[in-house]
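Each chain, written out:
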Amino acid sequence: QVQLVESGGGLVQAGGSLRLSCAASGRTFSGGAMAWFRQAPGKEREFVAAIIWSGGNTFYADSVKGRFTISRDNAKNTLYLQMNSLKPEDTAVYYCAAAATFGNIYYRHADEKFYNYWGQGTQVTCSS
């Protein structure tokens, strides 16, 4: 059974930082990719960042580029999202997602349908 478990969310003031973690179990995604999406109340789920597991190639939404960094730890089979300079508009539930392969990721990394597995989400709240 594949499981993705997010952690690290919380309440921060604008300008603060958080690091989210996503621990994967049941399988590795060494031949695939992982990503972060987020969903604010009343809004659709939106792409945040993605990474090709083996090569480390990264992709970012324009809204977070330069502030967020996606990374992974091969030994721990864990995905991270370092979030700096947080803004109130970053407030959302953040979801970890994984894809078994990375084929076409250069075209589809922001498409939630590309990802096969999803975590439960972790709440990030940024106050102004």
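None of the values given here were measured: they were computed from a predicted structure. (Residues numbered from 1 in each chain as written. Predicted model: local features only at pLDDT ≥ 70, side-chain atom pairs only at ≥ 80, totals over all residues. Heavy atoms only, no water.)

> What should I look at first to understand the pairing of strand 7 (residues 68-73) in this one?
Every other side chain in a regular strand lies on the same face of the sheet, so the side chains alternate between the two faces. Sheet analysis places strand 7 next to strand 8 (residues 78-83), joined by six bridges and oriented antiparallel. Looking at the pairing, S71 lines up with Y80 of strand 8. Here strand 7 folds back onto strand 8 in antiparallel fashion, the turn holding four residues, of which N77 has a positive phi close to 50°. (Pairing = 2+ DSSP bridges. Helix = DSSP H or I, 4+ residues; strand = E, 2+ residues; numbered from the N terminus.)

> For this particular structure, what's the right way to read the nonpolar core?
Across soluble globular proteins, nonpolar side chains show a tendency to be buried alongside one another. Ranked by internal contacts, the top residues of the largest apolar core, which has 41 residues, are M34, W36, L81, M83, Y94 and Y115. Listing elements by their share of this core, those giving two or more residues are strand 3 (18-25), strand 4 (33-39), strand 5 (46-52), strand 6 (58-60), strand 7, strand 8, strand 9 (92-99) and strand 11 (122-127). (Core = buried A, V, L, I, M, F, W, Y, C linked by side-chain atoms within 4.5 Å. Buried < 20%, exposed > 50% of the residue type's maximum accessible area, 1.4 Å probe, protein only.)

> Looking at this model, I keep getting lost on the state of the cysteines. Mind explaining?
By definition, a disulfide links two cysteine residues through a covalent bond between their sulfur atoms. For the structure on display, the rule yields one disulfide. Covalently, C22 is tied to C96 through a disulfide, its sulfur atoms 2.0 Å apart. Disulfide C22-C96: torsion about the S-S bond near -80°, hence left-handed. With a gap of 74 residues between them, C22 in strand 3 and C96 in strand 9 connect regions that are remote in the sequence. With a relative accessible area of 0%, C22 lands in the buried category. (Disulfide = S-S within 2.5 Å.)

> In this structure, what is going on with the environment of R67? I would like to understand it.
Among the secondary structure elements, R67 is positioned in the loop between strand 6 and strand 7. With 20 residues separating them in the primary sequence, R67 and K87 have C-alpha atoms 10.0 Å apart. With residues up to four places along the chain from it excluded, the contact list for R67 reads Q82, M83, N84, S85, L86, K87 and D90. (Contact = heavy atoms within 4.5 Å.)

> Please clarify how the sheet that holds strand 8 should be interpreted in this entry.
The strands that make up a sheet are held in pairs by hydrogen bonds between backbone atoms, and each pair lies either parallel or antiparallel. Overall, antiparallel pairing links the four strands, which are arranged 1-3-8-7 in an open sheet. The open sheet is flanked by strand 1 (3-7) and strand 7, the only strands paired with a single partner. Each adjacent strand pair in this sheet contributes to an overall mean axis angle of 15°, direction not counted. Sheet analysis places strand 3 next to strand 8, joined by six bridges and oriented antiparallel. Within the sheet, the bridge partner assigned to L20 lies in strand 8 and is L81. (Axes fitted to C-alpha atoms, helices over the stretch in contact; angles between N-to-C directions.)

> Looking at this structure, I do not really get unusual backbone geometry. What am I missing?
Excluding glycine, a negative phi dihedral is what most residues carry, and trans is how most peptide bonds are arranged. Even without glycine at this site, S85 takes up a positive phi of about 50°. Within the secondary structure, S85 is located in the loop between strand 8 and strand 9. The class of S85 is partly exposed, set by a relative accessible area of 39%. In this structure, N104 takes a positive phi of about 70° despite not being glycine.

> In this structure, what is going on with the pattern of salt bridges? I would like to understand it.
Opposite charge on two side chains permits pairing when their charged atoms draw close. Counted according to the given criterion, the structure contains five salt bridges. With a shortest N-O distance of 2.9 Å, D90 and R38 are connected by a salt bridge. Placement of D90 in the loop between strand 8 and strand 9 and of R38 in strand 4 is noted, with a sequence separation of 52 residues between them. In this structure D90 comes out as buried when scored by relative accessible area, which is 0%. (Salt bridge = Lys/Arg side-chain N within 4 Å of Asp/Glu carboxyl O.)

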